[in-house]
Amino acid sequence: MKRMNFLTIITLFIATLSLPFHSSVTLGDGVEEEQFLKNTRQLIYQGKRSGEGYFSEDGNALIFQSEREPDNPFFQIYILDLETGDTNRVSPGTGKTTCSFIRPGSNEVLFASTHLDPEATAKQKAEFDIRASGENKRFSWDYDEHYDIFSAHRDGSNPKRMTEALGYDAEGAYSPDGSKIVFCSLRDAYPIEHLSAGDKKRFETDPSYFGEIYIMNADGSGQTRLTHQPGYDGGPFFSPDGKRIIWRHFKENGLLADVYTMNLDGSDKRRLTDFGSMSWAPYYHPSNTYIIFHSNKYGFANCELFIVDVYGKKEPVRVTFTDGFDGLPVFSPDGKKLVWTSNRTPQKNSQLFIADWNHEEALSALNASPVRKQSETTPAFELQESAGGITSQEPPQSFSFTEKTDHPFSPQITEEDLHTIVAYLASDELEGRLTGTKGSKMASDYIAHRLEKIGILPVDKNGNYFQGFPFTSGVEVMPEGNFLHIAKSGKANDTKSFELEKDFRPLAFTASGVADGELVFAGYGISMPGEDGAGYDSYAGIDVKDKVVLVLNYIPEKVEMKRRHDLNRYSGLRYKAMIAREHGAKALLVVTGPNSPDAGELLPLTFDNASADSGIVAASISGDAAKALFSFIGKDIATVQSELDIEKSEAQTAFAMPGIKATISTAVKREKTSDHNVIGYLPPADGKDDCEYIVVGAHLDHIGYGGTESLARKGEEGMIHNGADDNASGVSVVLELAAALAETYKKKPQDKRRGLVFAFWSGEEMGLLGSSHFIKNPAFPLKNTIAYINFDMVGRLRDNKLIIQGAGSSKSWPQLFEKRNIMSGFNLILQHDPYLPTDATPFYQEGVPIMNFFTGSHDDYNRPTDDTVTLNYEGMAKIAQFAKNIISDLVKSPGRPDYFKVKSSGPPDSLHGSRRIYLGTIPDFTTEDIEGLKLSGVKAGGPADKAGLRDGDIIVRFGDLKITNIYDYKYALDVIKIGEPVTVEYLRNGTSGTLTVIPEAKK
């Protein structure tokens, strides 16, 4: 029986789709299985796939599900006569069926079916159409609300409906005496309209969360709910004596599951496993001394069978050792056979297998198994964990790690250590380490625990490794506090009130409050420095002090390409708000003009995670609202914008709107959350307060389940983005460096001329939040920091190419790299630009030389496939050793590296507006010996993908611009227009081609 929600598909798709897979462990050829299993063979061959076989009480028949009907792509239920080999269908043949069982002492069977769904036939056709299209759709158990439990005779006759509640009813099994049925139901989630907003959202992504165990009489009467804990409860069976029910319970987050038992009335719930994985499909051995179940303990692509004693006192014992999926095990009534579902077929499709079972060996192995760790064997059921993130900026430290830290870490840099660290940080248990979530806190707890073990001192004088920081995790408009009124003087009652969400909407960064003043139009609201006509000033010749300013969104639409590029850097809305505020305005209104993309639409309530507002009341207004304002003074907004778009010399870039007064009130609620950096240090030998430091850092966060930053492909949406390379790889390298350098400091204290700070930042993916907070609130004077060394995505060393970014921040770097690379022998790629989208940039902007280690983007970047097994641990160890030598030189060097200032081409990235264009391309940063921009990937469904660009293509011309490197490409993105087709020339496998891409607005 199943627990196939969206979060477990990654585990089970191998067994259901005949797709290739990658195991996270190296397994044997099945020889180890002979301890328990003999004469293993495939039982079912017919059909695309089969599974879930259950014996009749005499052991002579097996009921199972299989996909084999020519006119139905879904499972149907069949009975196999184990004496004759004959098979007959039991289910009606229409709709979906699953979860069958044979009633002891009778000719009856039960199964779940959707054949009464009015759309059952249409759904079959739709599924066939999907397959005919060639779409590679992953298996997803959909918890169809039309599933009900039915009984029938073994030949399929006399079908009877047992359940009628709206919602999924399935996963049923009879008691040993045939008088009771235990099953799973989602009925308590219906009607969905009555769920809370949070539960509605949960239902959309994981309906199985609402699964509960029910019991009823064999005729369908007396349906009673037995479980009430948060998280999915399913797959129930009776014990051989009929006194208890066994089932699997998933934690609230849907990531971990364990096996539980209870009495028939739901009392005396007991947990049998604490396996740190997804453990499900438990089934009793007829002896009632142990159970068998399957678990993904050894990798999400590798489910194996395990046995555990019936009281859960011992650690589970592994049964199968074959790569792939082995699950859904069932014993024969005499306990001498085992049937289970496996994809160990030549075609890698799931089918039923059977083997002889060695009961005596199972008892011996369980007797020798160690006592289960950490959990009590007395009745215990986990209470619901409290929701919510960290509430204090200095969260308490509580380390509770066992097997994750029992690994015998070496003080030296080793591949084994690196792998162990990444395996934990990139595990599903941490749910992608999104800033402000439980997973991020678990990661920081783990890191702090490792620092403590290594002997790295907490940077806080109170012994705390954590530095908290707040951030905005969401913005909500407060309807009662928002209004906009426009009054024209000289005429009675000539006042117009505008409607929230129709005519105006506050911007996410607005200051909450009321502002009133005369209305002034300030063109595009841009202020860009420059001489001899190269600059741009929308506020020239106009006084906006104590007034309400109206500006156009974006930049002049008709300017030539270089001008467009320059202006784009100053077109961000926050930047425009800052400029209006600095000119003394009380409020800012923004309209997307009729000549611009998304003309007249209200701006979305997007936010940038900054904790502070812009210091000025700010809102967007609709095109119709702007037309009404312009009509008050007898002007047409389209005409005004058209003149501005061509920078017509006699056009008025700004003008007062006489006699028009605006009164605006904005109120938004910012959801504030906090997270924390993890920081420790090794002091220098003299320990002086004014000593110099080298900061070594990496970001610990990733993007959780994806969100807007995800590059997930079709079928991967909403899955956990584990971020093994981004950036568990960087964290593991810094932790290994901390251990190795701490050991060096112990052995050679004379080398401790400078101190070392080891920093692990959160909030990098949301905009360098943690590192920026540290810069504003440093633990020691920044003037004492001689260098910052960052590691961001260092797990994919290929062709021995190591990229070091920010090499232009100090003229001391090239010589140091050259010296230390003699031994390491990398093919170094030095990139000089110090303005990087990673945590090194805040340090550089404060006058600290930087370097960022990077092994390049790849096809798994910001996808769920960025997993532990994809990393090059040998390469990571080599990078860490190279960096250790560089850091050691900096520690001992008598002089500090110089700082080379590279002029920025515009306002900070958080303010400039050059990112409005979206193409969905992922540059390959590892290439330096080609002319053009090579792509390491394209986002599915994006403009580049729609146009036909592919992984590995080299863009050599974009519109009228020749592309020789990534900087040319970034420039090109700043000058193109949304919705305007662009001709792209590219090379693919040495052959040139041309296509047209239509840029979209970045959401």
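Higher on the page you've got the structure.
Residues numbered from 1 in each chain as written. Predicted model: local features only at pLDDT ≥ 70, side-chain atom pairs only at ≥ 80, totals over all residues. Heavy atoms only, no water.

Visitor: I tried to follow the overall build of the chain on my own but got confused; where do I start?
Guide: Looking only at helices and strands, one finds 17 helices and 51 strands in the chain. When burial is assessed residue by residue, the chain has 58% of its 1003 residues classed as buried. Put simply, 69% of the contacts in the chain that link residues at least 6 apart link residues at least 24 apart. Total accessible area on the chain is roughly 39,600 Å²; 49% of this is exposed by carbon and sulfur atoms. (Helix = DSSP H or I, 4+ residues; strand = E, 2+ residues; numbered from the N terminus. Buried < 20%, exposed > 50% of the residue type's maximum accessible area, 1.4 Å probe, protein only. Contact = heavy atoms within 4.5 Å. Areas by Shrake-Rupley, 256 points an atom, 1.4 Å probe, with all protein chains shown as cover.)

Visitor: Looking at this structure, how should I read the sheet that holds strand β27 (residues 483–488)?
Guide: Pairing in this open sheet of eight strands is mixed, and the strands run β28-β27-β36-β30-β33-β34-β35-β29 from one edge to the other. For this open sheet the edge positions go to β28 (495–498) and β29 (504–506), each flanked by a neighbour on one side alone. When the angles between neighbouring strand axes are averaged without regard to direction, this sheet yields 30 degrees. Of the strand pairs in this sheet, β27 and β28 are connected by four bridges, and their pairing is antiparallel. Residue His485 lies in a different strand from β28, and its bridge partner there is Ser497. Of the strands in this sheet, β27, β28, β30 (513–521), β33 (548–552), β34 (587–591), β35 (617–621) and β36 (655–666) are in contact with helix α9 (residues 623–632), which crosses β36 at around 140 degrees. (Pairing = 2+ DSSP bridges. Axes fitted to C-alpha atoms, helices over the stretch in contact; angles between N-to-C directions.)

Visitor: For this particular structure, what's the right way to read the sheet that holds strand β16 (residues 257–263)?
Guide: In space, the four strands of this open sheet follow the order β14-β15-β16-β17, with antiparallel pairing throughout. Since the sheet does not close on itself, it has two edges, and those belong to β14 (233–238) and β17 (270–271), each with one partner.

Visitor: In this structure, what is going on with the packing of aromatic side chains? I would like to understand it.
Guide: Given two aromatic rings, their pairing is described by the distance between the two centres and the angle made by the two planes. Under the definition given, this model contains 47 aromatic pairs. Measuring from centroid to centroid gives 5.8 Å for Phe958 and Tyr969, while their planes differ by 85 degrees, and the two rings are edge-to-face. Here the residue Phe958 occupies a position in strand β47 (residues 954–958), and Tyr969 occupies one in helix α17 (residues 966–975), the gap between them amounting to 11 residues. Take Phe958 and Tyr969: they sit in the same class, and that class is buried. Through a chain of ring-to-ring contacts, the aromatic side chains of Tyr681, Tyr693, Trp761, Phe774, Phe780, Tyr788 and Phe843 assemble into a single cluster. Across the ring face of Phe409, the terminal group of Arg450 is positioned such that the distance to the ring centre comes to 3.7 Å. A cation over a ring is seen here: Lys635 above Phe655, with NZ or CZ 5.0 Å from the ring centre. (Phe/Tyr/Trp six-rings, centres within 6.5 Å; stacked < 30°, edge-to-face > 60°. Lys NZ or Arg CZ within 6 Å of the ring centre and 35° of its normal.)

Visitor: How should I be thinking about helix α7 (residues 561–568) in this particular structure?
Guide: For an α-helix the count is 3.6 residues per turn, leaving residues at separations of three or four pointing the same way. The set of residues buried in α7 consists of Arg563, Arg564, His565, Leu567 and Asn568. Looking at where α7 begins, the residue whose side-chain oxygen comes 3.0 Å from the main-chain nitrogen of Arg563 is Glu560. (Polar contact = N/O pair within 3.5 Å; in protein donor to acceptor, adjacent residues only side chain to side chain.)

Visitor: How should the packing of helix α5 (residues 415–425) against helix α15 (residues 873–892) be read in this particular structure?
Guide: To characterise two packed helices, one gives the angle between the axes of the helices and the distance between these axes. Put simply, α5 and α15 touch, their axes get as near as 9 Å, and they point 110 degrees apart. In this view, α5 runs roughly perpendicular relative to α15, as classed from their interaxial angle. On the side of α5, the interface is formed by Glu415, Leu418, His419 and Val422, while α15 contributes Tyr873, Glu874, Met876 and Ala877. A class-by-class count of the residues in the contact of α5 with α15 yields five nonpolar, one polar and two charged. (Parallel < 35°, antiparallel > 145°, perpendicular 65-115°, else oblique. Nonpolar A, V, L, I, M, F, W, Y, C, P; charged D, E, K, R; others polar.)

Visitor: Even after reading the chapter, I still don't get the nonpolar core, so can you show me in this structure?
Guide: Side chains of nonpolar character tend, in soluble globular proteins, to be buried together. By size, the foremost hydrophobic cluster in this structure holds 71 residues, and its most contacted members are Phe36, Ile307 and Trp357. Looking at this core, the element that brings in the most residues is strand β24 (residues 351–357), giving five residues. Ile307 has contacts with Phe36, Tyr290, Ile291, Ile292, Phe293, Pro316, Val317, Val319, Trp357, Ala362 and Leu366, leaving out every residue within four places of it along the chain. In terms of nonpolar packing, the next biggest core, distinct from the first, is built from 68 residues, Phe466, Val731, Leu735 and Ile786 among them. (Core = buried A, V, L, I, M, F, W, Y, C linked by side-chain atoms within 4.5 Å.)

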